[in-house]
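Here is what each chain is made of, one letter per residue.
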2 protein chains.
Amino acid sequence: MTYCVGMRLNNGLVFMSDTRTNAGVDNFASTRKMFNFNVPNERSITIMTAGNLATTQAMISLLKERTEAKDDRSPSIFAQPTMFQVARLVGSTLREVISYSSPGSPSSADTFSASVIVGGQIKGGQPTIFLVYPEGNFIEISDDTPFFQIGETKYGKPILVRAYEADMPFEDAIKLLLVSFDSTVKSNLSVGLPFDFHVYENDSLAQKSPTRIEADDDVYQTISSGWGEALKAALDGLPSYRI
Amino acid sequence: MTYCVGMRLNNGLVFMSDTRTNAGVDNFASTRKMFNFNVPNERSITIMTAGNLATTQAMISLLKERTEAKDDRSPSIFAQPTMFQVARLVGSTLREVISYSSPGSPSSADTFSASVIVGGQIKGGQPTIFLVYPEGNFIEISDDTPFFQIGETKYGKPILVRAYEADMPFEDAIKLLLVSFDSTVKSNLSVGLPFDFHVYENDSLAQKSPTRIEADDDVYQTISSGWGEALKAALDGLPSYRI
């Protein structure tokens, strides 16, 4: 599987993805699932992918290839005027790749399916995040739905639902995401370290690369091992049900 | 869906189930999923069910009906000499009902599928819990796997993995389960209150009925509303990842 989260805060956007890919439990590897398309001072776009690896790699390769033909930058991700148009381009590219792998066969379309989180900011527009479905359509993040998850979404969701706050600083959001990812890793073998994260500060239009958190990272280790004790202490503070 | 957990502690067994049943989101109702088969000072058996409601109700009805034919108590759940034999009886009854609903059709077998947690103690044996699959086979609880879940298992699992301790008192186990159930209710509409729970103290062979926790229960409300704040406080105590 995979686990990726895109989150909107008052200060900006935060993206985190795992790196495990597998075909059965007896064949797994590590691969990047977070990709940046940046033009300094003009646009910062982050894409995260979940699903069939051949599909998502082909989609990213097509998106990249089309940025390199300078004379014909349409339909390039660098030529889209708004994040909405970027999401449409990502959606149509995703749908194109899936239908190429499964011509006329709805059941194999499931096999080659994938979903995508794409977010960022283009100069003159607002920072935002979209969740793109394999059919090419998509939904946008909102105050009521301030984060999107793809892949193995269930184990890591309760902590996000409870502890997310729009005004939390980036450092706290990363900590929250690490707990959410750690909960998922502990329950699903198909999600694994290292993790990649990317922080985008509103209106910065900065060209930054994702940061990688390895399994032996000190802070991650402390969070991972400390969370169990922290939870027990949190439980202790609540009233007991008398039986 | 459904959410049920059977848990083994040093002091005994704890069972909890939700009560929501639904056919689509536009048709839901409340129904009991926890059933007790008790003979005072001789056996205390608890069964919890998840899956197709027609299947699980038919299974429970068959098990009950066969306890009432006093002259022919075999294969009655009251006549089985061990918990292992009880699990075999539950498994064969479950398989019988599913195959009745789906004669010769593997795909409809999925539609009518169900799974069961059965646990308790019979005089002369140890208290134990089994997870019974629709095929009629089953696995037993162990020190490495001290709890079983059926139904919507994912949202509520991380807290159980982290905070379960074999030596926790019953009151703390109920509190832990309430947090696990509350996390599930907040993320899946097909799991809902009221909850039923049953506590079995080792070697008591007592005849007790399940206790019901309604949505407006004071302790549940306090736990549900307090857990978000408790989690935030727990997060505050962990180190931040510097970005």
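Residues numbered from 1 in each chain as written. Chains lettered and ligands numbered in written order. Predicted model: local features only at pLDDT ≥ 70, side-chain atom pairs only at ≥ 80, totals over all residues. Heavy atoms only, no water.

### Here we look at the sheet that holds strand E7 (residues 114-122) of chain B
Residue and element names in this part refer to chain B. Spelled out, the test is: Between any two strands, at least two bridges found by DSSP are needed for them to pair. Secondary structure is summarised from DSSP: a helix means a run of H or I of at least four residues, a strand means a run of E of at least two, and numbering begins at the N terminus for each. All axes are obtained by fitting lines to C-alpha atoms, using only the stretch in contact for helices, and the reported angles, taken between N-to-C directions, cover 0 to 180 degrees. The contact criterion used throughout is that any non-hydrogen atoms of two residues lie within 4.5 Å.
One open sheet accounts for 5 strands, arranged E5-E6-E7-E8-E9; its pairing is antiparallel. Since the sheet does not close on itself, it has two edges, and those belong to strand E5 (34-39) and strand E9 (138-140), each with one partner. Ignoring strand direction, the axes of neighbouring strands in this sheet form an average angle of 20 degrees. In terms of strand pairing, strand E6 (residues 43-51) meets E7 through 9 bridges, oriented antiparallel. Bridge pairing links Ile45 to Gly120 in E7. Lying on the sheet, helix H1 (residues 53-68) is in contact with E5, E6 and E7; it crosses E6 at an angle near 160 degrees. Where helix H2 (residues 83-101) meets the sheet, its contacts fall on E6, E7, strand E8 (128-132) and E9, and the angle it forms with E7 comes to roughly 155 degrees.

### Let's talk about the side chain of Thr184 of chain A
Relative to the helices and strands, Thr184 of chain A is located in helix H5 (residues 170-185). Aside from chain neighbours lying at most four places away, what touches Thr184 of chain A is Tyr3, Glu152, Tyr155, Gly156 and Val191 of chain A.

### Here's the deal with the sheet that holds strand E11 (residues 195-201) of chain B
Residues and elements named next belong to chain B. Spatial strand order, E10-E1-E2-E11-E12: 5 strands in an open sheet with antiparallel pairing. Single-partner strands in this sheet number two, and they are strand E10 (147-151) and strand E12 (211-213). Adjacent strand axes in the sheet meet at a mean angle of 15 degrees, parallel and antiparallel pairs treated alike. The sheet contact formed by strand E1 (residues 3-8) and E10 spans 5 bridges and is antiparallel. Note that in E10 the partner of Cys4 across the bridge is Ile150. Along the sheet, helix H5 (residues 170-185) contacts E1, strand E2 (12-17), E11 and E12; its crossing angle with E2, the most-contacted strand, is approximately 25 degrees.

### Some thoughts on the interface of chain A and chain B
This is how the line gets drawn: Throughout, buried area stands for the accessible area (probe radius 1.4 Å) lost by two parts on being put together, summed over both. A pair is scored as a salt bridge if a Lys or Arg side-chain nitrogen falls within 4 Å of a carboxyl oxygen belonging to Asp or Glu. Any pair of nitrogen or oxygen atoms within 3.5 Å is treated as a polar contact; in protein, a donor-acceptor pairing is required on top of that, and neighbouring residues in sequence qualify only through side-chain atoms on both sides.
The interface of chain A with chain B comprises 44 residues on the first partner and 46 residues on the second. Taken together, both faces of the contact between chain A and chain B bury some 4,300 Å²; the carbon and sulfur share is 68%. The tally of links from chain A across to chain B stands at 6 salt bridges. With its nearest N and O atoms 2.2 Å apart, the salt bridge here joins Arg162 of chain B to Asp182 of chain A. Counting across the interface, chain A meets chain B through 16 residue pairs in polar contact (both at pLDDT 80 or more). A per-element tally of the side of chain A that touches chain B places helix H6 (residues 218-236) of chain A first, with 13 residues.

### Points about helix H2 (residues 83-101) of chain A
To be explicit about the condition: To estimate the expected span of a helix, count its residues, drop one, and scale the result by 1.5 Å. Exposed residues in this analysis have more than 50% of their type's maximum accessible area, buried residues have under 20%, and partly exposed residues fall in between, with area computed by a 1.4 Å probe over protein chains only.
If you check H2 of chain A, its first and last C-alpha atoms are 27 Å apart, about what 19 residues at 1.5 Å a residue would give, namely 27 Å. Looking at H2 of chain A, one finds that the buried residues are Met83, Val86, Ala87, Leu89, Val90, Gly91, Thr93, Leu94, Val97 and Ile98 of chain A.

### Examining the pairing of strand E1 (residues 3-8) of chain A
Looking along a regular strand, one sees the side chains alternate between the two faces of the sheet. Residue and element names in this part refer to chain A. Where burial is concerned, most of E1 is hidden: 5 out of the 6 residues are buried. Of the pairings in the sheet, the one linking E1 to strand E2 (residues 12-17) comprises 5 bridges and is antiparallel in character. Along E2, the bridge assignment pairs Arg8 with Leu13.

### Section: the pattern of salt bridges
Within the structure shown, the criterion is met by 22 salt bridges over all chains. Residue Asp143 of chain B pairs with Arg8 of chain B through a salt bridge whose shortest N-O separation is 2.8 Å. Of this pair, Asp143 of chain B sits in the loop between E9 and E10 while Arg8 of chain B sits in strand E1, and the two are 135 residues apart along the sequence. Relative accessible area serves as the criterion here: at 69%, Asp143 of chain B is assigned to the exposed category. Close ionic contact of Arg66 of chain B with Glu96 of chain B constitutes a salt bridge, the shortest N to O distance being 3.2 Å. Of this pair, Arg66 of chain B sits in helix H1 while Glu96 of chain B sits in helix H2, and the two are 30 residues apart along the sequence. A single salt-bridge network, built from bridges that share partners, covers Arg32, Asp196 and Arg212 of chain A.

### Things to note about the relation of the copies chain A and chain B
As a reminder, the rule being used: Alignment of the copies relies on least squares applied to C-alpha atoms, considering only residues that score at least 70 for pLDDT in both.
Its rotation angle being 180 degrees, the transformation that places chain A on chain B also includes 0.0 Å of axial translation and leaves an RMSD of 0.0 Å. Both copies are brought into coincidence by an operation consistent with a two-fold rotation axis. No C-alpha of chain A lies nearer the rotation axis than that of Tyr155 of chain A, which sits 2.5 Å from it. By residue overlap, the copies meet face to face through one surface: 100% of the interface positions of chain A are interface positions in chain B.

By themselves, these observations are geometric and do not establish any function.
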